[in-house]
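One letter stands for each residue in the lines below.
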Protein chains: 2
Amino acid sequence: MSSLPPAIVLVRPQLGENIGKAARAMLNFGLTDLRLVTPRDGWPNPSAGPAASGADIVLERARVFDSVAQAVADCPSVYATTVRKRGLVVPVVSPEEAAQEIHANHGASAILFGAERSGLETDEVAIAGKIVTVPVNPDFRSLNLAQAVMLLAYEWSKHEALAVPTLGDEAEPRAPQAHLEGMIAQLFDALEAADYFHPPDRTPATRNTLRTILTKASWSTREVQAMRGVIRALAEGRPKG
Amino acid sequence: MSSLPPAIVLVRPQLGENIGKAARAMLNFGLTDLRLVTPRDGWPNPSAGPAASGADIVLERARVFDSVAQAVADCPSVYATTVRKRGLVVPVVSPEEAAQEIHANHGASAILFGAERSGLETDEVAIAGKIVTVPVNPDFRSLNLAQAVMLLAYEWSKHEALAVPTLGDEAEPRAPQAHLEGMIAQLFDALEAADYFHPPDRTPATRNTLRTILTKASWSTREVQAMRGVIRALAEGRPKG
């Protein structure tokens with residue numbers, strides 16, 4: 001399996017006009033897989049079409065999901081476009097670096113973009129293994145949604161002609177996000193049973209930290225299964241002799 | 001004399017709104033030298049300000065010229081953003097290549113952008129020594145003026161070291177091998193106690209597999225400690241038989 005064009009995931013987008021502009025920016029650089037997580041005004045949105053300036057095919061194929069986790073379930077690699085999040089240690093890459101990685105990744109990567117004003121929540125960023133930050137003028141950061149989408153699509157398109165499967169060829173493909181989520185859920189359940197999470201007000205941060213640690217490894221499906229065996233063994237143990 | 005930020009030259013721009021958006025795109029990536037050649041609706045234009053979203057300083061400093069030749073009179077290097085012109089033999093470069101050259105050029109370079117619909121005239125392109133073409137999807141070319149300005153400004157800014165905390169910068173260093181070995185030993189002890197390793201003749205292979213999985217992640221010392229806490233909690237916390 002080789003690299004596929006990335007999915008663009010708009011999380012809680014507000015204005016249909018911005019969805020349309022994002023679709024246009026995508027198609028300009030050859031991307032067509034648009035996914036919407038709980039768009040504020042529902043979907044389809046009559047304002048999207050005119051703003052897409054002809055990129056109707058992207059809007060027609062757009063799929064709607066109830067959560068970020070569902071939207072990226074089939075994607076082995078997930079990137080969150082945001083600035084660094086407090087309390088979350090995730091590698092930060094430039095659009096250029098992300099584009100290079102996406103071409104080297106197996107399967108489809110996903111790139112998350114937050115709502116126009118509020119951006120992505122910390123736990124949404126935690127689902128992604130990496131943060132992509134567009135390096136803008138620190139004294140004037142006013143990149144809008146469609147512009148951010150365009151820059152990522154543009155960087156991706158640059159490597160399209162050159163896309164050469166090298167590295168990954170012999171390596172095992174990275175496990176899809178759903179496999180990782182299964183493992184993480186199992187671990188959280190086991191840790192819950194073992195009274196690991198306390199004090200309660202620290203639990204969300206602790207979960208995010210663990211999530212980051214576990215997604216950092218780019219484990220294959222086989223490796224995820226091995227880790228699930230480890231967790232099960234530790235949690236259940238065996239009757240002592 | 002070293003390289004200066006390039007001037008953005010809008011030739012016969014029609015809508016004030018597009019001038020404002022171009023100014024915003026410029027300032028996002030640190031450019032401030034905007035030059036207008038015979039803007040259709042005169043200058044200043046009341047529609048420009050609102051579209052600039054706060055990039056007022058660029059609009060205030062904008063200068064108006066009667067011709068392209070006058071607008072670029074002080075610029076040793078001039079680039080025309082357009083597709084190749086018939087009957088004109090001028091080198092064509094990508095935005096990336098143009099950005100690299102602009103940084104290598106002495107003095108200020110200028111980048112010309114044509115009117116929204118009509119683009120640049122052949123004799124205006126001839127003033128430029130080079131053509132810059134943004135490689136868009138051949139089946140869907142709908143890049144607007146501000147987007148084209150943004151891509152060029154973005155490419156230029158990449159070589160500027162604007163404010164880019166990317167990878168290594170603050171990323172935590174990888175834990176020393178001894179920390180990893182401590183964690184692995186702890187896990188193996190816990191798995192031994194849970195009767196995980198069987199059949200015995202498979203144990204060395206299983207240990208190697210787990211070792212590979214756990215060293216793959218490049219965990220930091222902090223992350224190794226978190227994982228040790230997880231192992232301890234799972235090993236000790238399970239309900240006793």
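Residues numbered from 1 in each chain as written. Chains lettered and ligands numbered in written order. Predicted model: local features only at pLDDT ≥ 70, side-chain atom pairs only at ≥ 80, totals over all residues. Heavy atoms only, no water.

Concerning the pattern of salt bridges
Residues and elements named next belong to chain A. All told, the structure shown has 25 salt bridges over all chains when counted by the stated rule. For the salt bridge of K21 with E17, the shortest nitrogen-to-oxygen distance reads 3.2 Å. In this pair, K21 and E17 both sit in helix α1 (residues 16-28), four residues apart, roughly one turn of the helix. (Salt bridge = Lys/Arg side-chain N within 4 Å of Asp/Glu carboxyl O. Helix = DSSP H or I, 4+ residues; strand = E, 2+ residues; numbered from the N terminus.)

Describing α1(A)
Compared with the 18 Å implied by 1.5 Å per residue over 13 residues, the 18 Å span of α1(A) between its first and last C-alpha is a close match. Across the 13 residues of α1(A), eleven count as buried, placing the element largely inside the fold. Buried residues belonging to α1(A) abut β1 (3-11), β2 (34-37), α2 (48-52), α3 (56-61) and α7 (145-158) of chain A together with α7 (145-158) of chain B. Note on α1(A): the residue one or two positions beyond its end, A:G30, has a positive phi of about 85 degrees. (Expected span 1.5 Å × (residues − 1). Buried < 20%, exposed > 50% of the residue type's maximum accessible area, 1.4 Å probe, protein only. Contact = heavy atoms within 4.5 Å.)

Some words on the packing of helix α9 (residues 203-215) of chain A against helix α11 (residues 221-237) of chain B
Their axes nearest at 11 Å, the elements α9(A) and α11(B) cross at an angle of 110 degrees. As summarised for this structure, α9(A) and α11(B) are arranged roughly perpendicular, according to the angle between their axes. When α9(A) is examined against α11(B), the residues A:T209, A:L210, A:I213 and A:L214 are found in contact with a partner set consisting of B:R222, B:E223, B:A226, B:M227 and B:V230. Of the residues assigned to the contact of α9(A) with α11(B), the class counts are six nonpolar, one polar and two charged. (Axes fitted to C-alpha atoms, helices over the stretch in contact; angles between N-to-C directions. Parallel < 35°, antiparallel > 145°, perpendicular 65-115°, else oblique. Nonpolar A, V, L, I, M, F, W, Y, C, P; charged D, E, K, R; others polar.)

A short note on the packing of aromatic side chains
Within the structure shown, the criterion is met by eight aromatic pairs over all chains. On the numbers, 5.5 Å between centres and 70 degrees between planes, the contact of A:F29 with A:Y154 is edge-to-face. With A:F29 in the loop between α1 and β2 and A:Y154 in helix α7, the pair connects residues that are 125 residues apart, well separated along the chain. Between A:F188 and A:F197 the ring centres are 5.9 Å apart and the planes differ by 85 degrees, which places this aromatic pair in the edge-to-face class. Here the two residues A:F188 and A:F197 agree in accessibility, since each one is buried. A connected cluster of aromatic rings, assembled from ring pairs, spans A:F29, A:Y154, B:F29 and B:Y154. Over the ring of B:F197 we find B:R207, and its NZ or CZ is 4.8 Å from the ring centre. (Phe/Tyr/Trp six-rings, centres within 6.5 Å; stacked < 30°, edge-to-face > 60°. Lys NZ or Arg CZ within 6 Å of the ring centre and 35° of its normal.)

Some details on the sheet that holds strand β6 (residues 109-113) of chain B
Residues and elements named next belong to chain B. A sheet is described by the order of its strands in space; here seven strands give the open sequence β3-β2-β1-β6-β4-β7-β5, paired in parallel fashion. Pairing within the sheet leaves two strands with one partner each, and these edge strands are β3 (63-65) and β5 (92-93). Each of β1 (7-11) and β2 (34-37) touches helix α1 (residues 16-28); the most contacted strand, β2, lies at about 155 degrees to it. (Pairing = 2+ DSSP bridges.)

Brief notes about the interface of chain B and chain A
Contacts between chain B and chain A engage 66 residues on the former and 65 residues on the latter. The junction of chain B with chain A conceals about 5,300 Å² of combined surface from both sides, 63% of it contributed by carbon and sulfur atoms. Taken together, the connections running from chain B to chain A amount to four salt bridges. Viewed at the interface, chain A and chain B are joined by 14 residue pairs in polar contact (both at pLDDT 80 or more). In terms of residues, the side of chain B that touches chain A owes the most to one element, α11(B), which gives eleven residues. Classifying every residue of the side of chain B that touches chain A by side-chain character gives 37 nonpolar, 16 polar and 13 charged. (Buried area = accessible area lost by both parts, 1.4 Å probe. Polar contact = N/O pair within 3.5 Å; in protein donor to acceptor, adjacent residues only side chain to side chain.)

Some remarks on the environment of B:L59
Within the element layout of this structure, B:L59 appears in helix α3 (residues 56-61). Distance in space between the C-alpha atoms of B:L59 and B:H159 is 25 Å, their sequence separation being 100 residues.

Quick word on the side chain of A:T215
Residue and element names in this part refer to chain A. Relative to the assigned elements, T215 resides in helix α9. A distance of 2.9 Å separates the side chain of T215 from the backbone oxygen of R211, its partner in a polar contact. Of note is the side chain of T215, whose polar atom sits 3.3 Å from the backbone oxygen of T212. Not counting the four nearest positions on each side in its chain, T215 is found in contact with G129, R174, L180 and I184.

Describing the sheet that holds strand β3 (residues 63-65) of chain A
The strands that make up a sheet are held in pairs by hydrogen bonds between backbone atoms, and each pair lies either parallel or antiparallel. Residue and element names in this part refer to chain A. The seven strands lie next to each other as β3-β2-β1-β6-β4-β7-β5, forming an open sheet whose pairing is parallel. Two strands in the sheet have a free side with no partner beyond their single neighbour: β3 and β5 (92-93). Judged from the four bridges that link them, β1 and β2 form a sheet pairing that is parallel. Residue pairing for β2: V11 is matched across the bridge by V37.

Some thoughts on α11(B)
The end-to-end C-alpha distance of α11(B), which contains 17 residues, comes to 24 Å, matching closely the 24 Å that a straight helix rising 1.5 Å per residue would cover. Buried residues in α11(B) make contact with α8 (177-193), α9 and α10 (221-236) of chain A together with α9 (177-193) of chain B.

Looking at the confidence of the model for chain A
Residue and element names in this part refer to chain A. In this model, chain A carries a mean pLDDT of 87, and residues with pLDDT of at least 70 account for 93%. Low pLDDT (under 50) marks residues 162-170, which in the prediction has three contacts with non-local residues, meaning those over four places away or in another chain. Interface scoring of the predicted complex returns ipTM 0.72; its pTM is 0.75. (pLDDT = per-residue confidence, 0-100.)

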